[in-house]
Amino acid sequence: MNVLVTDPIADAGLDRLREAGYTVETDYDIEGGTELIEAIEGVNALIVRSGTEVSRDVFEAAEDLVIVGRAGIGVDNIDIDAATDHGVIVANAPEGNVRAAAEHTVAMTFAVARSIPQAHGRLKDGEWAKGEFLGAEVNNKTLTIVGLGRVGQEVAKRLDSLGMDLVVYDPYISQERAERMGAELIEDLHDALAAGDFATIHTPLLPETEGMIGEAELAQLEGGYLINCARGGIVDEDALATAVDDGVLAGAALDSFATEPLPTDSPLLDVEDVVVTPHLGASTEAAQENVATDTADAVIAAFNDEPVINALNAPSVDESAFPRIEPYIDLAETAGKVAAQLLEGRISRIEVTYEGDIAEEEIDLVTASALKGVFEPLEWQVNAVNAPQLAEDRGIDVVESKSRQSEDFQSVVRVTVHNGDEELSVEGTLFAGDDPRIVRIDGFRVDAVPYGHMLVARNADKPGVIGLIGTVLGDHDVNIAGMFNAREVHGGEAITVYNLDQEVPDAAVEELLADDRIITVTEITLDAANGREE
Ligand code: NAD
Ligand code: MLT
């Protein structure tokens, strides 16, 4: 497996991937665009920070890509919708640099309030400008926090302990969360800014937050300081430069910019009371090591078909629950595949039903696998990441239901496909904990081992039919490895499921269908699984 890393990450992450046996290449000159499109061929995992633009074109070109790992929090440089459409996992490392970002925010707050960079510059230039700097204390001042997520909360704790009163603007959190942090939640952004002496931004860059802090908002913070260590683009930089220059604000401190590196002609660089750092929020040794190893772990998990803990576009599973649901992932996919191949016509609805113990688990990933199973025989480019999206895009209703009761088995997964007129269900269970069986097809109780080549025949329950099928298969050199027959009532319709050692030639199918007693014959090909040889 090949891993390409296009933004610098700590050696600890690169070492972890190499130790796991993967080929790791680094190319920190690639920023996206055609260079990345060319480099992505044959790459199975791409690791980036904020410097690489991973656009839809990249996903279109990236035929072998399984995962994009973001060694950090913000994913505004990755087209996640395009990743999902192409079945590529996007995972970030949202915990490892939170403290570093919060500490940098606090440092920037003091830097701007006490003019530390300006005074430092003057002294380095040989000037003792003691009389020219009169700073502001944070003690007893009000801090407005815009976005009380991971970083916002850490900033809140630190500045609360330094004597600040906290107000918060965040439309997605509860009153309780704000109160727990000792903060007052204010529902209107303008009111929140008007209440603050300092305002610090900690939202993601989203269409909704882009340009959220413009001239009118800066005017609400009149006389105060603005700190943005989140993302450029949230604050209107021209408006901010003007507001500080005109004295509407006392100062501003910025670590992130709409365009990075910050262009040398940015008006922000000309304003004395604007303090800037080149996106250093996460640049501590500890943070870089954390995010690099977390990202390497995400890549390793994805390569091993294990749940990727911080996946942003794939169904997530708690690590401790994964061993319990893992065998059902394959079982649901198999049930989906069998159901899709037995029902003709356009599938309009899929029901995935869980009964018994499995109903108590987190089953998003199992359902996604059932959908993958249904869509694979239709030759859609599908995996568990994009299967739910494909269903939605193609107008297929997906219904999931759970019941703790199960009549015959400890746990059952049932996949029912509908084509508008008819429906067909395939039910699977695990024998002895992990031995998969198909136990019901279209209501017939069967006991089929789902692997390799299978033949499902529907026939009249008449003497000689099973013999006929055996003879025809034998004549075409197809060996029967196992067989199960079930019937509705004596002399009614029956279903016969065969496990076969070889593919069934078309001529054999035609020969079988030529007999009046045979209603349908469907060959189903599954992976050789569960250690069984085809
Ligand atoms: P998070 O997802 O944990 O928190 C974001 C918060 O913003 C959430 O509470 C959410 O409810 C809130 N929010 C969303 N839309 C909002 C809106 N319209 N108005 C107000 N609040 C809104 O994110 P995080 O991990 O705390 O990261 C915060 C920001 O910091 C991100 O932009 C991230 O990229 C950035 N970051 C920067 C650095 C750096 O090096 N400078 C390092 C780490 C994180
Ligand atoms: C982040 O979102 O994690 C930060 O921007 C840190 C970074 O990768 O530089």
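What counts as what
- Residues numbered from 1 in each chain as written.
- Chains lettered and ligands numbered in written order.
- Predicted model: local features only at pLDDT ≥ 70, side-chain atom pairs only at ≥ 80, totals over all residues.
- Heavy atoms only, no water.
- Axes fitted to C-alpha atoms, helices over the stretch in contact; angles between N-to-C directions.
- Helix = DSSP H or I, 4+ residues; strand = E, 2+ residues; numbered from the N terminus.
- Parallel < 35°, antiparallel > 145°, perpendicular 65-115°, else oblique.
- Left-handed = near helix turned anticlockwise from the far one by under 90°.
- Contact = heavy atoms within 4.5 Å.
- Nonpolar A, V, L, I, M, F, W, Y, C, P; charged D, E, K, R; others polar.
- Near = heavy atom within 4 Å.
- Polar contact = N/O pair within 3.5 Å; in protein donor to acceptor, adjacent residues only side chain to side chain.
- Areas by Shrake-Rupley, 256 points an atom, 1.4 Å probe, with all protein chains shown as cover.
- Buried < 20%, exposed > 50% of the residue type's maximum accessible area, 1.4 Å probe, protein only.
- Pairing = 2+ DSSP bridges.
- Right-handed = clockwise from strand over helix to strand, strands pointing away.
- UniProt positions renumbered as here; feature names shortened; annotations may be inferred.

Engineer: What should I look at first to understand the packing of helix α13 (residues 322-342) against helix α14 (residues 364-375) in this one?
Structural biologist: The packing of two helices is summarised by the inter-axis angle and the distance between the axes. Remark: α13 packs on α14, axes separated minimally by 7 Å, with the N-to-C direction vectors making an angle of 25°. Relative to α14, the element α13 lies roughly parallel. Here α13 runs over α14; the crossing is right-handed. Every residue of α14 that contacts α13 at Phe322, Ile325, Tyr328, Ile329, Ala332, Glu333, Gly336, Lys337 and Ala340 is listed here: Leu365, Val366, Ser369, Ala370, Lys372, Gly373 and Val374. For the contact of α13 with α14, a count of residues per class yields 10 nonpolar, three polar and three charged.

Engineer: In this structure, what is going on with the site of ligand 1? I would like to understand it.
Structural biologist: Lining the immediate surroundings of ligand 1 are 26 residues, of which Arg150, Val151, Asp170, Thr203 and Glu208 lie closest. The separation between an oxygen atom of ligand 1 and a polar main-chain atom of Gly149 is 3.3 Å. Burial of ligand 1 by the protein amounts to 90% of the accessible area it has alone, namely 860 Å². Grouping the amino acids of the shell around ligand 1 by side-chain chemistry returns 12 nonpolar, nine polar and five charged.

Engineer: What should I look at first to understand unusual backbone geometry in this one?
Structural biologist: When glycine is set aside, most residues are seen to have a negative phi, and most peptide bonds are trans. Cis rather than trans, the peptide bond between Glu260 and Pro261 has omega equal to -5°. By the element assignment, Pro261 lies in the loop between β11 (251-254) and β12 (274-276). A positive phi angle, near 50°, is found at His279, a position not held by glycine. As for its placement among the helices and strands, His279 is situated in the loop between β12 and α12 (285-303).

Engineer: Before we go on, may I ask you to explain the pairing of strand β7 (residues 165-169) in this structure?
Structural biologist: A regular strand carries its side chains on alternate faces of the sheet. Within β7, four of the five residues are buried, which leaves it mostly tucked inside the rest of the structure. In this sheet, β7 lies alongside strand β6 (residues 142-146) in parallel orientation, the contact comprising five bridges. Across the sheet, residue Thr142 finds its bridge partner in β7, namely Asp165. In the classification by handedness, the crossover that spans β6, the intervening helix α7 (residues 150-160) and the parallel β7 is right-handed. Handedness of the β-α-β unit built from β7, helix α8 (residues 175-180) and strand β8 (residues 183-185) comes out right-handed.

Engineer: I'm lost on the UniProt feature "domain: ACT" (unreviewed entry) in the chain in this one. Help?
Structural biologist: Cross-referencing UniProt, the feature "domain: ACT" (unreviewed entry) maps to residues 453-514 in the present numbering. Its end C-alpha atoms 22 Å apart, residues 453-514 is made of 31% helix and 39% strand.

Engineer: Looking at this structure, I do not really get the UniProt feature "domain: D-isomer specific 2-hydroxyacid dehydrogenase catalytic" (unreviewed entry) in the chain. What am I missing?
Structural biologist: In the numbering used here, UniProt assigns the "domain: D-isomer specific 2-hydroxyacid dehydrogenase catalytic" (unreviewed entry) feature to residues 3-313. Helix makes up 36% of residues 3-313 and strand 15%, whereas the separation of the span's terminal C-alpha atoms amounts to 20 Å.

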